[in-house]
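# Report on the structure
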Amino acid sequence: MADDLNTYLIISCALFAIGLFGVLLRRNLVAMLIGVELMLNAVIINLVAFAKFSAPEPVTGQVFALFVIGIAAAEAAVGLSIVLAVHKSRGSISVDDLQELAG
């Protein structure tokens, strides 16, 4: 594999597309959450790749990547707690069963 920016961007684009597919076409909340995590990982790959090839300080992209990883961890914790609360109250984690979230 060539060590150029296009390789990283193609991998990141494929990962983002898989994540977007998971969010838009899945009806399960956990599968949608996994899709969001895949999209965040694609963003991390882009940040590190652009920092490696264009920034004078490569550490800048790595700092942003660590920040995104922290945000992703918090998002996963909050998302899973919401999924557990929905499952406890409704008995299902299917998006089709959650037409009304009020009450």
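Here, every reference points to the structure presented above.
## Re the nonpolar core
Ranked by size, the top nonpolar core spans five residues in total: Leu29, Met32, Val83, Val86 and Leu98. When residues of this core are traced back to their parent elements, those giving at least two are α2 (29-54) and α3 (59-90). Dropping the residues within four chain positions of it, Val83 is found in contact with Leu29, Val30 and Ile93.

## Observations regarding the packing of helix α1 (residues 5-25) against α2
It is the contact of α1 with α2, at a shortest axis distance of 7 Å, that shows an interaxial angle of 165 degrees. Taken together, α1 and α2 sit at an angle that is classed as roughly antiparallel. Where α1 crosses over α2, the handedness of that crossing is left-handed. Its residues assigned to classes, the contact of α1 with α2 comprises 19 nonpolar, six polar and one charged.

## Regarding the side chain of Glu37
Within the secondary structure layout, Glu37 lies in helix α2. Look at Glu37: it is buried, it has no salt bridge, and the nearest opposite charge is Arg26 at 16 Å. The contact partners of Glu37, leaving out residues within four places of it in the chain, are Ala72, Glu75 and Ala76.

What counts, and at which threshold
- Residues numbered from 1 in each chain as written.
- Predicted model: local features only at pLDDT ≥ 70, side-chain atom pairs only at ≥ 80, totals over all residues.
- Heavy atoms only, no water.
- Core = buried A, V, L, I, M, F, W, Y, C linked by side-chain atoms within 4.5 Å.
- Buried < 20%, exposed > 50% of the residue type's maximum accessible area, 1.4 Å probe, protein only.
- Helix = DSSP H or I, 4+ residues; strand = E, 2+ residues; numbered from the N terminus.
- Contact = heavy atoms within 4.5 Å.
- Axes fitted to C-alpha atoms, helices over the stretch in contact; angles between N-to-C directions.
- Parallel < 35°, antiparallel > 145°, perpendicular 65-115°, else oblique.
- Left-handed = near helix turned anticlockwise from the far one by under 90°.
- Nonpolar A, V, L, I, M, F, W, Y, C, P; charged D, E, K, R; others polar.
- Lys, Arg positive; Asp, Glu negative; His and termini not counted.
- Salt bridge = Lys/Arg side-chain N within 4 Å of Asp/Glu carboxyl O.

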